[in-house]
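Chains, contacts and geometry: an overview
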Amino acid sequence: MKPLIRALLCASLLQLTPLANAEQTAEQAAAPAEGTTTPTPSATETPADSAGKAPEADGATPAPEATAEAPAAPAGPVAQVLQPRAWGHSVGDLLTQRVLLAIDGRATGLPKLPDPGRIGVWLERRPARLDTDADGRRWLVLDYQLINAPQTLTAITVPAFELRTDDGPLQVPAWTFSAAPLTPRTAFAGNGLDALQPDRGAPAVDTAPLRHRLLLWSGLTGALLLAWGGWLVWRNVRSARAQPFAQAQRTLRGLKDDAPDAWQALHRAFDRTAGASLQPASLHRLFERAPHFAPLRADIERFYADSAARFFGDGGAAASSPRALVRALARIERRHES
Amino acid sequence: MSSQEQLQDWRDAALRIENEVRKAVIGQDGIVRLINVALFARGHVLLEGDVGVGKTTVLRAFARAIGGDFERVEGTVDLMPNDLVYHTYVDADGKPRIEPGPLLRHGERLTTFFFNEINRARPQVQSLLLRAMAERTVSAFNRDYRFPHMTVFADRNKVEKEETFELASAARDRFMFELRMETPRDPSVRRALVFDTAYHDVDALIDTVSPGLIDAFQLNAIAAHIQRSVSASEAMERYVMDLWDASQNPAAFDIRIDGVDMKRLILAGASPRGMSALLRAARVVAWLDGRSHLQPDDVRAILPSTLGHRVFFTPVYEMRRAQIADALIAQIIDKIATPR
């Protein structure tokens, strides 16, 4: 609730300000500030209807007449001031005054530049600077920015102030200009034409074909990715199944441990892994080519010894189980491949 | 003494011979083992190698270790068959005399006959020797001379090719092994051969070998005993038959050699005599290993020395024999799977 109340108060104040300022201007006119050394704390303003006279002086020409209309009678010499355009300003505009630093036609120095800062509710003075023109005359350049938005056409006065030059005080007269709001407060009353109109919706473009194309391409991309992933999986599965010991494991599935085929299938798997027909004397080639089987070296050597006894020797009780061995070998092979 | 014990004693003796020979010849353990195998398989050996690698030394060491008489002949272009059989001269009384030549001189006591540089001898000499090798007999003076205990070692110098008579394929087939004796590669052996003065005096070196470790005249009997005592299983027979087939038609066994058209490579594979020599030698390997049955490794151990010179290539490839034969045997060993 509180922010709302505060906003309402601010709004009413803003509406009242032109009147209040007009009164203030009148007061200032009635009581001339004698011997003021500091600039007036606030700029004066007059709403358009109350301030009937607009300054006639053009910004390009010196306007002693304009200064003559200044409400306060300045004590001491009055500076020659080049004023900017006095009308057609609105919030944010920059107004530049050029003050000739000369007393009675003689150039003078300025030891201290006027301070920048807020001038009343309307204006902000930028840091002042000095400028020398083509004729060698020195000017004080003062930039004022209009920082408040007037609700109606309003006359705003830059207050008079005094410059302390090397050769004594130099009066800069007050100057009045008009400022207008950017938009009228209420353009039309009623008829549904509220001051602030809602945003007009942009015309809807037909996106159906776009959506269809997007769907189509996403579908195709998805299908492609799926196919690629599937192919990868299929290839891995196939190569895993084609590995020597994986193949031997499948062959051995339907065989018993003492079936000669089982032993021979395991021999072929060893041969394929080593790339050569292996016998006990050449077993080292297996471990050179596939060192990951080294942990099973003892089992593999026992298998070869048992196989030699079985196929070439006097038989004897074979201790090895080809099925158990092929399981262990296939496990290592799978781990190594992945 | 039971036959098993007898075989065991002979095996110990065979290993002792090997150890003794190794005292005189270092860095040639493979060659020493194969010569020992040939000795107990009653096969002849063709040694091939560079000049001065110790071919004569190893043979003299063997001759001393096994006992019996040793004879040596140098092959030359003008050597005639008769020079091996008899020797004619005029004696002190001015009478012409004929005496038995180097082959007949020792009679049946001849155990080691070393024919140096056999490829320098004329084919006539070679064929005389081939008969002596195959039948262990020679006809001379109207009768046959027998050398039942003789083992022939021939040596072929592979450096020179001029004024040489290459051995015919039938001649090479009669050698059980063709061994390639190479300069040792092991640096410590090479250093010893050059700097150890013990290896400089060959006669002194041979004297370190214990003489007559076995009764050489019983070798034939014990060799036959060994052959009977070592058996070959069915799987082993299949393996050897595969090897034989592969030597005749390697392409059928997926054997490939770079730059060689396998279908046009083989002129003739191993002969039946070659295969029987292979099996005889393999049985001795098994026996030396203390087994009474053959294993594929027994055959593989001697395959390069037995089969390498028994496979005959078409003329296109014959010039590259050494290189292709090695690759072929290595491929046969790698590709023929067993047991199956």
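Keep in mind the model is a prediction, meaning the values are calculated, not measured.

Thresholds, definitions, all that
Position numbers for residues start from 1 in each chain and track the written sequence from start to end. Whichever chain is written first is A, and whichever ligand is written first is 1; the rest continue in order. Local features are withheld for residues below a pLDDT of 70 in this predicted model, meaning they are given only at 70 or higher, and side-chain atom pairs are given and counted only at 80 or more; totals for whole chains, interfaces and linings count all residues. Segments assigned H or I by DSSP are reported as helices when at least four residues long, segments assigned E as strands when at least two residues long, and all are numbered from the N terminus. Here exposure depends only on C-beta density: within 10 Å of a residue's C-beta, 20 or more other C-beta atoms make it buried, 12 or fewer make it exposed, and intermediate numbers make it partly exposed, the C-beta atoms being placed from the backbone. Contacts here follow a simple rule: the backbone-placed C-beta atoms of the two residues must lie within 7 Å. Residue polarity follows a fixed list, in which Ala, Val, Leu, Ile, Met, Phe, Trp, Tyr, Cys and Pro are nonpolar, Asp, Glu, Lys and Arg are charged, and the others, Gly among them, are polar. UniProt positions are given in the numbering used here, feature names are shortened, and annotations may be inferred rather than shown by experiment. In this description, strands pair whenever DSSP reports at least two bridges between them. Multiplying 1.5 Å by the helix residue count minus one yields the expected span of that helix. pLDDT gives the predictor's per-residue confidence on a scale running from 0 to 100. Orientation is described by lines fitted to C-alpha atoms, with helices fitted over the stretch in contact, and by angles between N-to-C directions that extend from 0 to 180 degrees. Each nonpolar core consists of buried Ala, Val, Leu, Ile, Met, Phe, Trp, Tyr and Cys residues. Their C-beta atoms, within 7 Å, join them into a set. Each angle receives one of four descriptions, namely roughly parallel if under 35 degrees, roughly antiparallel if over 145, roughly perpendicular if within 65 to 115, and oblique otherwise. Whether a crossing is left-handed or right-handed is set by the direction in which the near helix is turned from the far one by less than a right angle, anticlockwise for left-handed and clockwise for right-handed.

Turning our attention to the overall build of chain A. When helices and strands are counted, chain A shows 8 helices and 13 strands. Each of the 338 residues in chain A was classed as buried or not, and the buried ones make up 27%. By sequence separation, contacts in chain A at least 24 residues apart represent 62% of the contacts at least 6 residues apart.

The next point concerns unusual backbone geometry. Residues and elements named next belong to chain B. Here the bond from T338 into P339 is cis, since omega is -5°, no more than 30 degrees from zero. Position of P339 relative to the elements: it lies in the segment after α15 (321-335). Positive phi outside glycine occurs at R42, with the angle close to 55°. Mapped onto the fold, R42 is located in the loop between α2 (29-40) and β1 (45-49). Its identity as a non-glycine residue notwithstanding, R136 has a phi of 55°, on the positive side. Within the fold, R136 resides in the loop between α5 (123-135) and β6 (137-140).

Let us now look at the interface of chain A and chain B. Contacts between the two partners involve 15 residues from chain A, matched on the other side by 17 residues from chain B. Of all the secondary structure elements, the ones that give two or more residues to the side of chain A that touches chain B are α5 (260-274) and α7 (297-311) of chain A. Grouping the constituent residues of the side of chain A that touches chain B by class yields 6 nonpolar, 6 polar and 3 charged.

This brings us to the UniProt feature "transmembrane region" (unreviewed entry) in chain A. Within this structure's numbering, the places UniProt gives as "transmembrane region" (unreviewed entry) are residues 214-234 of chain A. Regarding residues 214-234 of chain A, the helix share stands at 100% and the strand share at 0%, and the terminal C-alpha atoms are separated by 29 Å.

The next subject is the pairing of strand β12 (residues 168-172) of chain A. Residue and element names in this part refer to chain A. Two strands pair when backbone bridges link them, and strand β11 (residues 161-165) and β12 are joined in this way by 5 bridges, in the antiparallel orientation. Paired with E162 across the strands is Q171, a residue of β12. Taking the residues that link successive antiparallel strands as the turn, the β11-β12 hairpin has 2 residues.

Our next topic: helix α3 (residues 55-66) of chain B. Residue and element names in this part refer to chain B. Spanning 12 residues, α3 covers 17 Å between terminal C-alpha atoms, matching the ideal 16 Å at 1.5 Å per step. Within α3, 10 of the 12 residues are buried, leaving the element largely enclosed by the surrounding structure. Burial in α3 covers these residues: K55, V58, L59, R60, A61, F62, A63, R64, A65 and I66.

Our focus in this paragraph is the confidence of the model for chain A. Keep in mind that low pLDDT regions are not for reading the predicted coordinates in detail. This prediction gives chain A a mean pLDDT of 79; 74% of its residues lie at or above 70. Under a pLDDT of 50 for its full length, residues 16-43 of chain A has, in the predicted model, 43 contacts with residues more than four places off or in other chains.

In a beta sheet, neighbouring strands are held together by backbone hydrogen bonds and run either parallel or antiparallel to one another. All names here are of chain B. Judged by pairing direction, the sheet is parallel, and its 5 strands sit side by side in the order β2-β5-β8-β1-β9 without closing on themselves. Taken across any chain shown, the strands that pair with only one partner, and hence form the sheet edges, are β2 (69-74) and β9 (177-181). In this sheet, neighbouring strand axes are inclined to one another by 20° on average, regardless of whether the strands run parallel or antiparallel. Running at roughly 160° to β9, α2 makes contact with β1, β8 (151-157) and β9 of the sheet.

The side chains of a regular strand alternate between the sheet's two faces. All names here are of chain B. Summarising the sheet, β6 and strand β7 (residues 143-146) pair through 4 bridges and their orientation is antiparallel. Bridged to S139 within β7 is D144. Linking β6 back to β7 in an antiparallel pair, the connection comprises 2 residues, with F141 at a positive phi of about 50°.

Residue and element names in this part refer to chain A. Look at α5: 21 Å from first C-alpha to last across 15 residues, which is about the 21 Å you get at 1.5 Å a residue. Every buried residue of α5 is listed here: A262, W263, Q264, A265, L266, H267, A269, F270, T273 and A274. Buried-residue contacts for α5 involve α4 (244-253), α6 (284-289), α7 and α8 (322-337). G275 lies just past α5 and shows a positive phi near 80°.

By size, the foremost hydrophobic cluster in this structure holds 119 residues, and its most contacted members are V21, A38, V45, A281 and I302 of chain B. By residue number, the principal contributor to this core is helix α12 (residues 272-288) of chain B, which donates 9 residues. The residues contacting I302 of chain B, other than those within four sequence positions of it, are L34, V37, L278, A281, A282 and V285 of chain B. Among the nonpolar cores identified, the runner-up in size contains 25 residues, and A86, I119, L140 and L170 of chain A belong to it.

Another point: the packing of α2 of chain B against α3 of chain B. A packed helix pair is summarised by two numbers, namely the angle formed by the two axes and the spacing between the axes. Residues and elements named next belong to chain B. As a packed pair, α2 and α3 sit with axes 11 Å apart at the nearest point and diverge in direction by 45°. Put simply, α2 runs oblique to α3. Crossing of α2 against α3: the hand is right-handed. Contact residues: α2 offers I31, V32, I35 and L39, while α3 offers V58, F62 and I66. Split into classes, the residues belonging to the contact of α2 with α3 amount to 7 nonpolar, no polar and no charged.

Residues and elements named next belong to chain B. Averaged over every residue, the pLDDT of chain B is 90; residues scoring 70 or more account for 100%. α2 holds the highest mean pLDDT among the elements of chain B, 95, whereas helix α6 (residues 169-173) holds the lowest, 84. Among the scores for the predicted complex, ipTM is 0.85 and pTM is 0.67.

All names here are of chain B. Within the element layout of this structure, I257 appears in the loop between α10 (234-248) and α11 (262-265). When the C-alpha atoms of I257 and I324 are compared, they prove to be 7.8 Å apart, with 67 residues separating the residues in sequence. For I257, the residues in contact, after removing those within four places along its chain, are M262, I324, A327, L328 and Q331.

All names here are of chain A. Relative orientation of the contacting elements α4 and α8 amounts to 150°, with a least axis distance of 8 Å. The angle between α4 and α8 places the two elements in the roughly antiparallel class. For the pair α4 and α8, the sense of crossing is left-handed. Seen from α4, the contacting residues are F245, A246, A248, Q249 and L252; seen from α8, they are P322, R323, V326, R327, L329, A330 and E333. The class makeup of the residues in the contact of α4 with α8 is 8 nonpolar, 1 polar and 3 charged.

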